Amino acid sequence: MKKFTITIIMIILFLISTVSFAENLPVERDSLEKYELQQVGTIMMHGGPNSGAYYKIITDNGVAELVNDGTEIQGWLTFTKPGDAVVDMYMPYDGMVHVSRYHYKIVPKGSFEREYVDIFNYVNHTRNEQGLQLLEFSAELNDVCAVRAKELAKNYSHTRPDGSFFISAITNKGRHLSENIFVTTNSDGRTDLADYFSAWDAWFKGTESRANMLNTAIREMGINSYFDPVAQKRYWVQIFRG
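Cut-offs applied
- Residues numbered from 1 in each chain as written.
- Predicted model: local features only at pLDDT ≥ 70, side-chain atom pairs only at ≥ 80, totals over all residues.
- Heavy atoms only, no water.
- Helix = DSSP H or I, 4+ residues; strand = E, 2+ residues; numbered from the N terminus.
- Buried < 20%, exposed > 50% of the residue type's maximum accessible area, 1.4 Å probe, protein only.
- Salt bridge = Lys/Arg side-chain N within 4 Å of Asp/Glu carboxyl O.

(A) Structural view of unusual backbone geometry. If you check the backbone angles, Q232 has positive phi at about 55° while not being a glycine. Structurally, Q232 is set in the loop between β11 (220-228) and β12 (233-241). Among the residues examined, Q232 registers a relative accessible area of 36% and is labelled partly exposed.

Here it is as structure tokens:
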């Protein structure tokens, strides 16, 4: 118990000294903010025992703390509930504090496979480079994409197997809807990022599909895929709503 108490005190003192050290230095803020989609319970780690880096949470969707794993003290960030979170990371370096701001779109655990998180982030990264508003994750559109991906194995078209257009699968249609589709050959059924980027490359080179991803009228996005084990093909779907 005594050893545990001493450890806690040391961690607190380390945090205080780190913050004090950093706050006494001039600040240089990154010009490019980072936008990511995370899940509740996701843990980020940065820095070693002497890095001096620390987090400052602007919103209340996470906790920042120092953890001693027995060998070194590291900075950890854990998200605790769905919603938006803004986090500043302070990194003392070369006589200055470099500040990076991260915007997180936090969704309930299990909403996405890890690969789809990366894909969602990549779309927003591309929109951010173009100076466009970032998209929100839509659980509804994500589910619709799963349905549409299976339908593509039967009829590879924006028209559904029953003859209706893809928008008939969506309950809340909003003011603007668009869909990107693609098919890749995949022998083992894994959701492979290399597979996705084949789709991405085709979408970004296509005039209409690229316009869908960069449309200023859209506000939400869903993405999903379906692997057909007989044809050994994976069908990809992105749906956007504004």
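(B) Structural detail: the pattern of salt bridges. The tally for this structure, following the rule as stated, stands at 11 salt bridges. Between R29 and D88 there is a salt bridge; the shortest N-O distance is 3.7 Å. Here R29, found in strand β1 (residues 27-29), pairs with D88, found in strand β7 (residues 83-93); they are 59 residues apart in sequence, far enough to count as distant. Residue classification places R29 among the partly exposed residues on the basis of a relative accessible area of 43%. A relative accessible area of 2% means that D88 is categorised as buried. When the shortest N-O distance is used, the salt bridge between K205 and D201 registers 3.1 Å. Placement of both K205 and D201 in helix α4 (residues 193-205) is noted, with a separation of 4 residues, approximately one turn of the helix. Using a relative accessible area of 36% as the deciding quantity, one classes D201 as partly exposed.

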